[in-house]
Amino acid sequence: SAMQFSVVAEDGQWLQAGDPLLQGIGNARDVLAAERVALNLLQVMCGVATTVRKFVEAVEGTDVKILDTRKTIPGLRPLQKYACTVGGGYNHRYCLDDGILIKDNHIGLSGSITQAVTEAKASAPHGMKVQVECDTLEQVKDALVAGADMLLLDNMSPKMLKQAVEIVAGSVPLEASGGVTLDTVGAIAHTGVGYISVGSMTSSPMHVDIGLDIYRA
């Protein structure tokens, strides 16, 4: 039988403990049958949005954008990606063919950053950007010369990130990534990078404690 629900809280609204999210009426058996799945989804998605919001708040005062990654729970990527935007973050690639990211294995197979970028640009759809993951400042220089459209600075210390920002001098966008936490994201944001991606926001998000209370009509 049909259940009727009304939304009490809007997406992105900051709530206090005990505040209601949804209210509705329906057959008790149907409500109890759907309860666990519904609560599990809500707890995860609210957890993602809340976690993202904390990262966004940690970089307030800067122009840095917080990005999610493809490290999502299997089957839940569309919902988690949406929850990230609700929390104030931005979506990185949804899937592999949304953009070209050249990582260490690609460089190893191609032989060099220059060769990897050249091959990628030769086969990339018109307008698709090529991003190169860099672990060292030498790779940053090589990627710039090779013609990368964007750089991902992987697991660099704030000191190294500042040096990379100086080397690039605004010629291409820079994204910092790798082990970013709420304790470190502020310092990373102040190095001058434009983007910070955080895989843990979707791969292992906090779960918000949400319950269902039933009252007999």
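Source: prediction; values computed, not measured.

S.K.: Where do I start with the overall build of the chain in this structure?
M.R.: Helices and strands together make up the secondary structure of the chain, namely 8 helices and 8 strands. Counting only C-alpha atoms and orienting by the principal axes, one finds that the chain spans roughly 70 × 35 × 25 Å. Charged side chains of the chain number 17 positive and 24 negative; the gap between the two group centres comes to 2 Å.

S.K.: I keep staring at helix α4 (residues 113–123) and nothing clicks. Help me out?
M.R.: Since the α-helix packs 3.6 residues into each turn, any two residues three or four apart lie on the same face. Residues of α4 that are buried: Ile113, Ala116, Val117 and Ala120. Projected down its long axis, α4 shows its buried positions confined to an angular sector of 95°, all on one face. Facing away from the buried side of α4 by more than 90 degrees, the exposed set consists of Ala122 and Ser123. On its buried face, α4 sits against β4 (100–102), α3 (104–110), β5 (130–134) and α5 (137–146).

S.K.: In this structure, what is going on with the packing of α5 against helix α6 (residues 158–168)? I would like to understand it.
M.R.: Angle between the axes and distance between the axes: these two values describe a pair of packed helices. For the pair α5 and α6, interaxial distance at closest approach is 10 Å and the crossing angle is 25°. Considering the angle they form, α5 stands roughly parallel to α6. Classified by chirality, the crossing of α6 by α5 is right-handed. When α5 is examined against α6, the residues Leu137, Val140, Lys141 and Leu144 are found in contact with a partner set consisting of Met160, Gln163, Ala164, Ile167 and Val168. Considered class by class, the residues forming the contact of α5 with α6 number 7 nonpolar, 1 polar and 1 charged.

S.K.: Explain the pairing of β5 to me, please; I cannot follow it from the model alone.
M.R.: A regular strand carries its side chains on alternate faces of the sheet. With 5 of 5 residues buried, β5 lies mostly within the body of the structure. Of the two faces of β5, the one carrying Val130, Val132 and Cys134 and the one carrying Gln131 and Glu133 are both buried. Inspection of the sheet shows β4 paired to β5 by 3 bridges, in the parallel sense. Within β5, the position partnered with Leu101 by the bridge is Gln131.

S.K.: Explain the pattern of salt bridges here, please?
M.R.: Any two side chains of opposite charge can pair, given that their charged atoms come close. The final tally for this structure, using the stated rule, is 3 salt bridges. The shortest N-O distance in the salt bridge between Glu133 and Lys103 comes to 2.8 Å. Residue Glu133 is located in strand β5, and its partner Lys103 is located in the loop between β4 and α3; the two are separated by 30 residues in the primary sequence. Relative accessible area serves as the criterion here: at 7%, Glu133 is assigned to the buried category.

Reading the values: the criteria
Residues numbered from 1 in each chain as written. Predicted model: local features only at pLDDT ≥ 70, side-chain atom pairs only at ≥ 80, totals over all residues. Heavy atoms only, no water. Helix = DSSP H or I, 4+ residues; strand = E, 2+ residues; numbered from the N terminus. Lys, Arg positive; Asp, Glu negative; His and termini not counted. Charge placed at Lys NZ, Arg CZ, Asp CG, Glu CD. Buried < 20%, exposed > 50% of the residue type's maximum accessible area, 1.4 Å probe, protein only. Arc of directions from axis to C-beta. Contact = heavy atoms within 4.5 Å. Axes fitted to C-alpha atoms, helices over the stretch in contact; angles between N-to-C directions. Parallel < 35°, antiparallel > 145°, perpendicular 65-115°, else oblique. Left-handed = near helix turned anticlockwise from the far one by under 90°. Nonpolar A, V, L, I, M, F, W, Y, C, P; charged D, E, K, R; others polar. Pairing = 2+ DSSP bridges. Salt bridge = Lys/Arg side-chain N within 4 Å of Asp/Glu carboxyl O.

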